[in-house]
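Listed here are the chains, written in short residue letters.
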Amino acid sequence: MTDASRPPLVTLEGFNLTLGPRTLLHDISCSIEDRGVHVLLGPGGAGKSTLLRVIAQAHFPAPPWRMTGRLDHHPPLAVRGPALMAQKERPGAPTLLEALFPPADTRRPDAHDCAARLAQMQALHVPTAAHVEPHLRTPVEALPPGILALGLVAATFLQPTPLVCLDEPTTDVEGVIFDTILALIEAQAGQRAVVLVTHHIGVARRLASKVTLLTQGLCVASCDANAFFEHPPNVETGHYLRTGGLYLPLDERDAAATAAALRRQLPSFPMPTRPA
């Protein structure tokens, strides 16, 4: 649940992102609250990672990128910007220990640095620290995928920011490490905002306080998680929850063209009222 007395951290309203002639995100409207997990859900190619990068204030140089509509990052993000863990991220650091420090910190950590970082991780989440500690000096290329993913999620949360953005952090992860990553996200979501990209409906059900469902660069639904799962706001959402798929066989190259076709074909679809 969110507190209506606290303003959101990020607001998008009628937001569009184009790359040259191609529309990648079309008329996106959603808000990121200052606590909880906002899940970006949808099939592959839906625009989830692109929207996550927009929320995380990634750089989109213009030209050829162009943004229109409202995109506001509210205080306190003016002081501490969002932290982003990209999909299947591979750190440039030689060991997991170095990867736990900010990229701008290029010195080699000594024993004191290691002890301090481990203490910070224990304060963050004790089970995460217990899994990561034996691997701190292991070369990154030799790490099991789950330990690397857990370490990178922890490193992202160790950044002093009110907004953490995670892109598919459980890809190729299973078992106890999968559960530990979810538990770490749950623990941190009570203290700050998390935006999570996932294809995994079960993960969304467990973690989400809000859900935005995307397909082909369009926002199908964006609402409270309980309403999303228990009372789907439209037939497209219900179809996705039943099948895990929401590919619209119209124009897969351009979200604006798809939106125009949807206005004609799917009366139940929550189409935008503003022009593209």
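Scroll up for the structure.
The rules we used
- Residue numbers restart at each chain and count upward from 1, following the sequence in its written direction.
- In view of the model being predicted, local features appear only for residues whose pLDDT reaches at least 70, and side-chain atom pairs are presented and counted only at 80 or more, with totals across whole chains, interfaces and linings using the full set of residues.
- Hydrogen atoms and water are omitted, and side-chain values are computed over all heavy atoms in the structure.
- Numbering goes from the N terminus for both helices and strands, where a helix is a DSSP run of H or I of at least four residues and a strand is a run of E of at least two.
- The criterion used for residue contact is that any of the two residues' heavy atoms lie within 4.5 Å.
- Each Phe, Tyr or Trp ring, with Trp reduced to its six-membered ring, pairs with another whose centre is within 6.5 Å; inter-plane angles below 30 degrees give stacked pairs, above 60 give edge-to-face pairs, and intermediate values give tilted ones.
- Partly exposed residues are those whose accessible area sits between 20% and 50% of the maximum for their type, while under 20% is buried and over 50% is exposed, using a 1.4 Å probe and protein chains only.
- For a lysine, the NZ atom is tested; for an arginine, the CZ atom; a charge sits over a ring if that atom is within 6 Å of the ring centre and within 35 degrees of the ring normal.
- Criterion for a salt bridge: a side-chain nitrogen of Lys or Arg within 4 Å of a carboxyl oxygen of Asp or Glu.

(A) Region of the structure containing unusual backbone geometry. The omega angle of the peptide bond from Pro75 to Pro76 is 10°, so this bond is cis rather than trans. Within the fold, Pro76 resides in the loop between β4 (65-73) and β5 (83-85). The phi angle at Gln216 is positive, at roughly 50°, despite the residue not being glycine. By secondary structure assignment, the location of Gln216 is in the loop between β8 (210-215) and β9 (218-224).

(B) Highlighting the environment of Leu84. With respect to the element layout, Leu84 can be found in strand β5. Through-space distance from the C-alpha of Leu84 to that of Val153 is 9.4 Å; in sequence the pair is 69 residues apart. Every residue in contact with Leu84, bar those within four places of it in the chain, is listed here: Leu52, Ala56, Glu89, Thr156 and Cys165.

(C) Expanded view of the packing of aromatic side chains. In this structure the tally under the stated criterion is 2 aromatic pairs. Seen in terms of ring centroids, Phe60 and Trp65 are 4.9 Å apart; in terms of plane orientation they differ by 70°. Their pairing is edge-to-face. Here Phe228 and Phe229 contribute two aromatic rings whose centre-to-centre distance is 5.1 Å and whose plane-to-plane angle is 85°, an arrangement assigned as edge-to-face. Assigned by exposure class, Phe228 and Phe229 land together as buried. Here the basic side chain of Arg117 rests over the ring of Phe101, its NZ or CZ set 5.0 Å away from the ring centre.

(D) Fine view of the pattern of salt bridges. In the structure shown here, the tally under the stated rule is 5 salt bridges. Its salt-bridge partner being Glu33, residue Lys210 comes within 3.5 Å of it at the nearest N-O pair. Within this pair, whereas Lys210 is found in strand β8, its partner Glu33 is found in the loop between β2 (22-32) and β3 (36-41), the two being separated by 177 residues in sequence. In this structure Lys210 comes out as buried when scored by relative accessible area, which is 15%. The closest approach of N and O atoms between Glu186 and Arg206, which form a salt bridge, is 3.0 Å. With a gap of 20 residues between them, Glu186 in helix α6 (residues 175-189) and Arg206 in helix α7 (residues 201-207) connect regions that are remote in the sequence. Relative accessible area serves as the criterion here: at 37%, Arg206 is assigned to the partly exposed category. Linked by salt bridges that have partners in common, Glu13, Arg70 and Asp72 make up one network.

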